[in-house]
Amino acid sequence: MTEAARKRRGRADENALLDRELDHLPPEARWREWMQRVEATIFAASEPVGRETLARIVGKNCSIDLLIDDIREELRGRPYDLVSVAGGWKHLTRPAYADAIRAAVGGGETKTNLTQSEVLVLMCIAYFQPITRGELSSFFGKEVSRDLIGHLRGAKLIASGPRSPTPGAPYTYVTTKEFLLQFELDTLRDLPDFEALEDAGLLSKEKLLAGDLPAGLVGGGEGDGEEPEADLVEDKAS
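For clarity, every value in this text was computed on a predicted model and none was experimentally measured.

Peer 1: Report on the packing of aromatic side chains, specifying residues and quantitative values.
Peer 2: Within the structure shown, the criterion is met by 3 aromatic pairs. Centre to centre, the rings of Tyr 127 and Phe 128 are 6.5 Å apart; their planes meet at 50°, and the pair counts as tilted. Judged by relative accessible area, which is 23%, Tyr 127 ranks as partly exposed. Note on Phe 128: relative accessible area 36%, which makes it partly exposed. Between Phe 179 and Phe 183, the ring centres sit 5.0 Å apart and the planes meet at 45°, which makes this aromatic pair tilted. The residue whose ring lies beneath Arg 163 is Tyr 171, and the NZ or CZ to ring-centre distance is 3.8 Å.

Peer 1: Please give an account of the nonpolar core that cites residues and values.
Peer 2: If you look at the biggest cluster of nonpolar residues, it comprises 29 residues, and the most contacted ones within it are Val 121, Leu 136, Leu 152 and Phe 179. Taken together, the elements giving at least two residues each to this core come down to strand E1 (80–85), helix H6 (116–128), helix H7 (133–140), helix H8 (146–154) and helix H9 (177–182). The leading source of residues in this core is H6, at 7 residues. In terms of nonpolar packing, the next biggest core, distinct from the first, is built from 17 residues, Val 38, Ile 42, Leu 82 and Trp 89 among them.

Peer 1: How would you sum up the sheet that holds strand E5 (residues 158–163)? Please name residues and give values.
Peer 2: Pairing is antiparallel in the open sheet, where 3 strands are placed in the order E4-E6-E5. Single-partner strands in this sheet number two, and they are strand E4 (131–132) and E5. Inspection of the sheet shows E5 paired to strand E6 (residues 171–175) by 4 bridges, in the antiparallel sense. The residue bridging Ala 159 from the neighbouring strand is Val 174, located in E6. Where H8 meets the sheet, its contacts fall on E5 and E6, and the angle it forms with E5 comes to roughly 110°.

Peer 1: Could you give an account of the pattern of salt bridges, with specific residues and numbers?
Peer 2: Inspection of the entire model under this criterion finds 7 salt bridges. In this structure, Arg 51 engages Asp 65 in a salt bridge whose closest nitrogen and oxygen atoms are separated by 3.1 Å. Pair noted here: Arg 51 is in helix H3 (residues 51–54) and Asp 65 is in helix H4 (residues 64–74), with a separation of 14 residues, a long-range link. What makes Asp 65 partly exposed here is its relative accessible area of 38%. Close ionic contact of Arg 133 with Glu 143 constitutes a salt bridge, the shortest N to O distance being 3.4 Å.

Peer 1: Give me the environment of Arg 72: which residues, what numbers.
Peer 2: In this structure, Arg 72 sits in helix H4. For Arg 72, a relative accessible area of 37% gives the class partly exposed. Sequence separation between Arg 72 and Leu 82 is 10 residues; the distance between their C-alpha atoms is 6.2 Å. Among the polar contacts listed, one links the side chain of Arg 72 to the backbone oxygen of Leu 82, at a separation of 3.1 Å.

Peer 1: Account for the confidence of the model for the protein, with residues named and values stated.
Peer 2: Per-residue confidence for the protein averages 76 on the pLDDT scale, and 72% of its residues sit at or above 70. Here strand E7 (residues 229–234) stands out as the least confident element of the protein, with mean pLDDT 37; H4 is the most confident, with 92. This model gives residues 211–238 a pLDDT under 50, and the stretch forms 77 contacts once residues within four places in sequence are excluded.

Peer 1: How would you explain H4 if you had to name every residue and give the values?
Peer 2: Where H4 is concerned, the buried positions are Ile 64, Leu 67, Ile 68 and Ile 71. Seen end-on, H4 carries its buried residues on one side only, within an arc spanning 100°. Where H4 is buried, its residues touch helix H2 (27–44), H3, E1 and strand E2 (88–93).

What counts, and at which threshold
Residues numbered from 1 in each chain as written. Predicted model: local features only at pLDDT ≥ 70, side-chain atom pairs only at ≥ 80, totals over all residues. Heavy atoms only, no water. Phe/Tyr/Trp six-rings, centres within 6.5 Å; stacked < 30°, edge-to-face > 60°. Buried < 20%, exposed > 50% of the residue type's maximum accessible area, 1.4 Å probe, protein only. Lys NZ or Arg CZ within 6 Å of the ring centre and 35° of its normal. Core = buried A, V, L, I, M, F, W, Y, C linked by side-chain atoms within 4.5 Å. Helix = DSSP H or I, 4+ residues; strand = E, 2+ residues; numbered from the N terminus. Pairing = 2+ DSSP bridges. Contact = heavy atoms within 4.5 Å. Axes fitted to C-alpha atoms, helices over the stretch in contact; angles between N-to-C directions. Salt bridge = Lys/Arg side-chain N within 4 Å of Asp/Glu carboxyl O. Polar contact = N/O pair within 3.5 Å; in protein donor to acceptor, adjacent residues only side chain to side chain. pLDDT = per-residue confidence, 0-100. Arc of directions from axis to C-beta.

Structural data, given as structure tokens:
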């Protein structure tokens, strides 16, 4: 028997031992046990836990969404919450306690520092993916440097997508699961509406098309070092 087959058999044996339905318990106690199983599983996981995973530990007719709602209700007033992010659920500390966490653990939290130029390019990749570096450069009217793309790839915020059908078949770029985690998004559908950003004065399509961008967007990219940084911080419940 192969190692993979042994692992599958082991998981099957473990699943067979777990009573999901809990028919011997009264309804209220059964629901409480399901809630505790779900919360414990999410708390123990290092990555967001998806619906399919949670379905393995509760009854077949149990509503995962209602369980999550009840858990979140009990967490009201606590310094952390269950957040829907990157296609699953994860314990995240509330933003109000970010300063306290930084003061306590310093650089221990996951942190990515991005220049304004990198934020703009990342934003365009998020909205218009899959997109090539050439298309990004055409969009901005200025060359988007390889160094800038390399920094976003190194931060695992973007990855190579399918090759473009254009001449030369260049690689396209797409955002990653890490991008969703960093920005606490469940899916790309949760990105702010482009027109709403314009209405709020946070983004101007005319300025983007006119190339009115920070100077670091061209040339050396990451090495320019004169732009203010935008911190993306993920604070985890400990």
